[in-house]
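Chains, contacts and geometry: an overview
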Amino acid sequence: MRKKIIISRTDNLGDVILTLPLAGILKSEFKDCEIFFIGKSYTRSIIESSIFIDHFIDREEIIKNAGILNNIKADIIVHVYPDKRIARAAYKSNIPVRIGSSHRFYHWLYCNKKINFSRKNSSLHEAELNQKLLEPLGIIRRPATEIAGFYGMEKITRLNQNQSALLDKNKFNLILHPKSKGSAREWPLDNYLALINNLPAQKFQVFITGTEQEGKLMKEQKPEIFQIQNIWDLTGKYSLSELVSFINAADGLLACSTGPLHIASALGKFACGIYPPMKPIHPGRWAPIGKKARYLALNKDCQDCRKSEKCACIAAISVGEVSQIITDWEKERR
């Protein structure tokens, strides 16, 4: 009989992307299973881009009508992100196998398979930690280096004509995504400006992405970036689905620890993340996973910047180091 398995991850974009491989792993273990994914509405286009996910379920729809889970008649639900209301709804729907972390008190009420692990104190990557929740199903954890083939992000909308026209086939199309909505430590805008000036315009077409609010903030903080001739300002211009399509059509992306970085790495693009050496936001936990992904971080354990907005360790990553990586990308692409 075909198994119906629900994956629940109702938090942010990067977290959701690093959860997508669970669907691919489950499909490889249970060949005929049907995968449902509960998420926030704004992550829907990412979730539905995976060939391994059969159905998206909006978290808010379940909150309004818990009977949705009853109708699915699922065999298993994996609470990757603890969500009390979803856990209660799954319990009331009598899903036979309900897996969750033992570190949430309500999982002791609503889950019958509880895994004892701490994300905050673990040395494992987020994508490896997610797999620990598959242990009750007899699935052995794969190392982060083997995850790249399990994203399944192949259902990508094609660019429209106006978007395609921005890309230069004779240059390396590089996306810079400097901001993170405050979710990560950020490489200074001064460094991005120096990087752009360091890249030869005859070889690179450069795009700046981000939300409309992030675009306004960058223009206030460092307007010189947007006055450079070979820069395209795409901040606030694209929906998430359109951004995914543009990243897929571009050549590479540079960012701090953000959703777009994980999108690029999942799509097999050249992707480089810039990180602080501070737990739990260090690259050991959140590095991009992909065939062409890499990261930069100082080789030290630093807690000095924990309570400050600015991070000296991430600022210390030189423009020269980043420029060399991107220059190598351009040569490899040729």
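To be clear, the structure that these remarks concern was listed above.
Residues numbered from 1 in each chain as written. Predicted model: local features only at pLDDT ≥ 70, side-chain atom pairs only at ≥ 80, totals over all residues. Heavy atoms only, no water.

1. Quick look at the overall build of the protein chain
Rule in force here: Strands here are runs of E lasting at least two residues and helices are runs of H or I lasting at least four, both read from the DSSP assignment and numbered beginning at the N terminus. Radius of gyration here uses only the C-alpha atoms, and the compact-globule reference equals 2.2 Å multiplied by the residue count raised to the power 0.38. To sort residues, take the accessible area from a 1.4 Å probe on protein chains only and compare it with the maximum for the residue type: under 20% means buried, over 50% means exposed, and anything in between is partly exposed. The criterion used for residue contact is that any of the two residues' heavy atoms lie within 4.5 Å.
Counting secondary structure elements, the protein chain contains 16 helices and 12 strands. Against the 2.2 N^0.38 benchmark of 20 Å for 334 residues, the protein chain shows a C-alpha radius of gyration of 21 Å, consistent with a compact globule. Principal axes of the C-alpha set define a box for the protein chain whose edges measure 60 × 50 × 35 Å. Counting the 334 residues in the protein chain, one finds 56% classified as buried. Within the protein chain, contacts between residues separated by at least 24 positions form 63% of all contacts whose residues are at least 6 apart in sequence.

2. With respect to the sheet that holds strand 7 (residues 172-177)
Formally: In this scheme, strands are said to pair when DSSP sees at least two bridges between them. Helix axes are fitted to C-alpha atoms over the stretch in contact, other axes to C-alpha atoms as well, and angles between N-to-C directions run from 0 to 180 degrees.
Across the sheet, six strands lie side by side as 9-8-7-10-11-12; this open sheet has parallel pairing. If you trace the sheet from one side to the other, it starts and ends with strand 9 (231-233) and strand 12 (293-296), each paired once. For this sheet the average axis-to-axis angle between neighbouring strands, irrespective of direction, equals 20°. As paired elements, strand 8 (residues 204-208) and strand 9 share three bridges and run parallel to each other. Residue pairing for strand 9: Val206 is matched across the bridge by Ile231.

3. A closer look at the packing of helix 12 (residues 240-249) against helix 13 (residues 259-266)
What counts, and what does not: Comment on the angle field: the value is read as roughly parallel under 35 degrees, roughly antiparallel over 145, roughly perpendicular from 65 to 115, and oblique elsewhere. A crossing counts as left-handed when the near helix is turned anticlockwise from the far one by less than a right angle, and as right-handed when that turn is clockwise. Asp, Glu, Lys and Arg are counted as charged, while Ala, Val, Leu, Ile, Met, Phe, Trp, Tyr, Cys and Pro are counted as nonpolar; the rest, among them Gly, fall into the polar class.
Closest axis-to-axis distance for the helix 12/helix 13 pair is 10 Å, and the angle between their directions is 45°. By the angle between their axes, helix 12 is oblique relative to helix 13. Classified by chirality, the crossing of helix 13 by helix 12 is right-handed. Residues Leu240, Leu243, Val244 and Ile247 of helix 12 touch helix 13, and the partners they reach there are Pro260, Ile263 and Ala264. Here the contact of helix 12 with helix 13 is composed, by residue class, of seven nonpolar, no polar and no charged.

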